[in-house]
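Architecture and fold: a report
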Amino acid sequence: MIETTEKRQTYYESIIANGFSRRDFMKFTAFMAAYLGLESSAIGQIDKALKTTPRLPIIWEHFQECTCCSESFIRTDHPIVADILLDKVSLDYTMTLMAASGHQAEAAKKATMENFKGEYILAVEGSVPMGADGNLCCIAGRSAIDQLRESAAGAKAIIAWGSCASNGCVQSARPNPTEATPIHKIIKDKPIIRVPGCPPIGEVMAGVIVHVIAFGKLPELDSQGRPKAFYAKRVHDSCYRRPYYDAGLFVESFDDENAKKGYCLYKVGCRGPMTYNACGTIKWNNGVSYPIQSGHGCIGCSEDNFWDNGPFYERLTNVPGFGIEETADKVGAIATGVVGAGVVAHAVAANIQKRKELKKRVEAGKDVEKNVERNI
Amino acid sequence: METTGIHTFKRIYVWEGPVRAFHWINAFSLLALAVTGVIIANPPAIMSGAEATNRYWFGITRFVHFAAAYIFTLGMVYRLCWAFLGNKYANWRVFFPYTKKGLHNLGHVIKHDILLMNPKNSDFREIAVGHNALAAMAYSGLFILMAIQIFTGFGLYADNATWWLPKLFAWVVPMLGGDAAARLVHHIVMWLIVIFSVIHIYLVLYHDWLEGRGEVSSMFGGYKFIRKERVKKD
């Protein structure tokens, strides 16, 4: 645990002090610039920023979550990210990774909040339960909502890590018993970066942090508050199986020949076409693979309500209120059939009910026919 | 007054060219959209063991869907403009029959055509020349459904688009809670339009058969036939 009262080192100083070489540092900046989608001239800017700006204190809160975001983060490609950027240098408070515990940990957090008021970054992992007066999730004897409001008050910006903090994830799936709520629905007066995913890709998380510290501002966000560099495209649009989709070649079931050939997983429920994430390009586990490459469809973990948009192995979402296995197509086809039958019944009834009127009209028409001379 | 027997009819130009053009553009683009849409939602397993090279049928299906969507949207815009330029049967006021006259006509349509009653005091003057009140309400409903399709459709399309027009709809999808929800709405509304079409086609045939005024052909030629007595000046 670092002392918040010490002279504030720059990132570069702390990286060198931790035994990395300058070469390692340069590799790291180039690597980060590439992930952020910046041009090569930006490497110099990142380099300069990390050498001159003092480190940015980060408070990392954990609420209703499973820590998969932290797990993902510490497995980023580059050792500097895990070793230096957060674990040793920047993280003033994160209860799962810090050495201190109990009162010491809480004291460290308090010190950061006081010493760096308006400067520190608040990273939040997990959603906040609003039910039962917030008592369903308590840390250090205080409710999550209480903790969040306190630490958000002095923050420069908030990063909502993962689907829990940005969308609510599994805790907020219907019926959402704890009233789990994403951060942006609670804190309205701070800039919030949403980094959804269950978990988000480690490199994406590192990219967001590096952008904030290197440029002193938030990365460019889309209308949903997600960094554009990583969430502008659907997984589908960067999928290496996309040619099979356009060619209409689909896996019909997971054990068929088409699956072996690596066809598109669209028909077995792949959520790639409705999911915004960078899995197709950055991939997972140091760029080894990602779900679709491993033969399983995307489950859309970075999308709002992805647990309620099930089932995962079918293309269409269930229609709420129509039983669990009914899809829109079934409901629609049945409704059309019912209406079609109704129309036929109505036609029959009309001919019976209006038979007198019809008969008269037919007869009148026949009379006219008789009185018209046939000339052709 | 009786509605049958031998009478003199006048030919009246009800549906002007733009209205008819809109109707058929709309009908055929809706057909193309529904067919390609169902294929896109659940593509048939027509190929197996093939390579993707030189095959693009699914891409073409989607292209047809998007192209038809543009035509469909332009058709709707065209019709909205014509609601201010066209004759009294095309005017926007027709679609808001919430006047005393309109509600009276609504009662007539429900009694005569839906419940198939034969009231004694029925008058041929009560048969609408253009849209009857209930039909007008149904068409305003259809316009709302069509608007939902345009908003959700372009919303889903926006992120792949390079043009500014579809991008104007980018806010729709997040408002509905993501692509999955938007797709579901898009799909359900498609079925509602299919159901509308079934009823619409039936009722056109019904009116043609039970009123004998050229209901079906009016959407081709534009003319209907009304009793001579309904024309003020002869």
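Residues numbered from 1 in each chain as written. Chains lettered and ligands numbered in written order. Predicted model: local features only at pLDDT ≥ 70, side-chain atom pairs only at ≥ 80, totals over all residues. Heavy atoms only, no water.

Moving on, we get to the packing of helix H2 (residues 22-35) of chain A against helix H9 (residues 202-215) of chain A. Residue and element names in this part refer to chain A. Relative orientation of the contacting elements H2 and H9 amounts to 100°, with a least axis distance of 9 Å. Between H2 and H9, the crossing angle belongs to the class labelled roughly perpendicular. Packed against H2, whose contacting residues are Phe28, Phe31, Met32 and Tyr35, the element H9 presents Glu203, Ala206, Gly207 and Val210 at the interface. Its residues assigned to classes, the contact of H2 with H9 comprises six nonpolar, one polar and one charged. (Axes fitted to C-alpha atoms, helices over the stretch in contact; angles between N-to-C directions. Helix = DSSP H or I, 4+ residues; strand = E, 2+ residues; numbered from the N terminus. Parallel < 35°, antiparallel > 145°, perpendicular 65-115°, else oblique. Contact = heavy atoms within 4.5 Å. Nonpolar A, V, L, I, M, F, W, Y, C, P; charged D, E, K, R; others polar.)

Attention shifts here to the side chain of Arg226 of chain A. All names here are of chain A. Residue placement: Arg226 occurs in the loop between H9 and helix H10 (228-231). By relative accessible area, which is 11% here, Arg226 ends up buried. Those residues in contact with Arg226, other than ones at most four positions away along the chain, are Arg194, Pro196, Glu220, Leu221, Tyr231, Tyr276 and Glu303. (Buried < 20%, exposed > 50% of the residue type's maximum accessible area, 1.4 Å probe, protein only.)

This next bit is on a nonpolar patch on the surface. On the surface, Phe84, Leu85, Trp92, Phe96, Tyr98 and Leu103 of chain B cluster together into a nonpolar patch covering about 710 Å² of accessible area. Residue classification places Tyr98 of chain B among the exposed residues on the basis of a relative accessible area of 51%. (Patch = residues over 30% accessible without salt bridge, like charges linked within 9 Å, V, L, I, M, F, W, Y side chains within 5 Å. Areas by Shrake-Rupley, 256 points an atom, 1.4 Å probe, with all protein chains shown as cover. Salt bridge = Lys/Arg side-chain N within 4 Å of Asp/Glu carboxyl O.)

This paragraph deals with empty space enclosed by the protein. Residues and elements named next belong to chain A. Scanning the model with the defined rule gives three cavities of 30 Å³ or more in all. Roughly 90 Å³ of volume is contained in the largest cavity. Around the largest cavity, the lining residues are His236, Cys239, Arg241, Arg242, Cys264, Leu265, Tyr266, Cys270, Gly272, Pro273 and Ile292. The residue makeup of the lining of the largest cavity, split by class, is seven nonpolar, two polar and two charged. By volume, the second largest cavity amounts to about 60 Å³. Split into classes, the residues belonging to the lining of the second largest cavity amount to four nonpolar, three polar and two charged. (1 Å grid on protein atoms, 1.4 Å probe; cavity = no way out; pocket = protein on both sides within 12 Å on 5 of 7 lines; lining within 4 Å. Points joined across faces, edges and corners; volume = space filled by probe spheres on them.)

Moving on, we get to the pattern of salt bridges. Scanning all chains against the criterion turns up 18 salt bridges over all chains. We note a salt bridge from Arg226 of chain A to Glu303 of chain A, for which the minimum N-O separation is 3.8 Å. Taken as a pair, Arg226 of chain A in the loop between H9 and H10 and Glu303 of chain A in the loop between helix H13 (279-282) and helix H14 (328-353) lie far apart in primary sequence, 77 residues in all. Residue Arg226 of chain A shares its accessibility class with Glu303 of chain A, and that shared class is buried. Residues Asp179 of chain B and Arg183 of chain B are paired through a salt bridge, measuring 3.8 Å at the closest nitrogen-oxygen approach. With Asp179 of chain B and Arg183 of chain B both in helix H7 (residues 179-211) and four residues apart, the pair spans about one turn of that helix. Residues joined in a network through salt bridges with shared partners are Lys110, Arg142, Asp146 and Glu150 of chain A.

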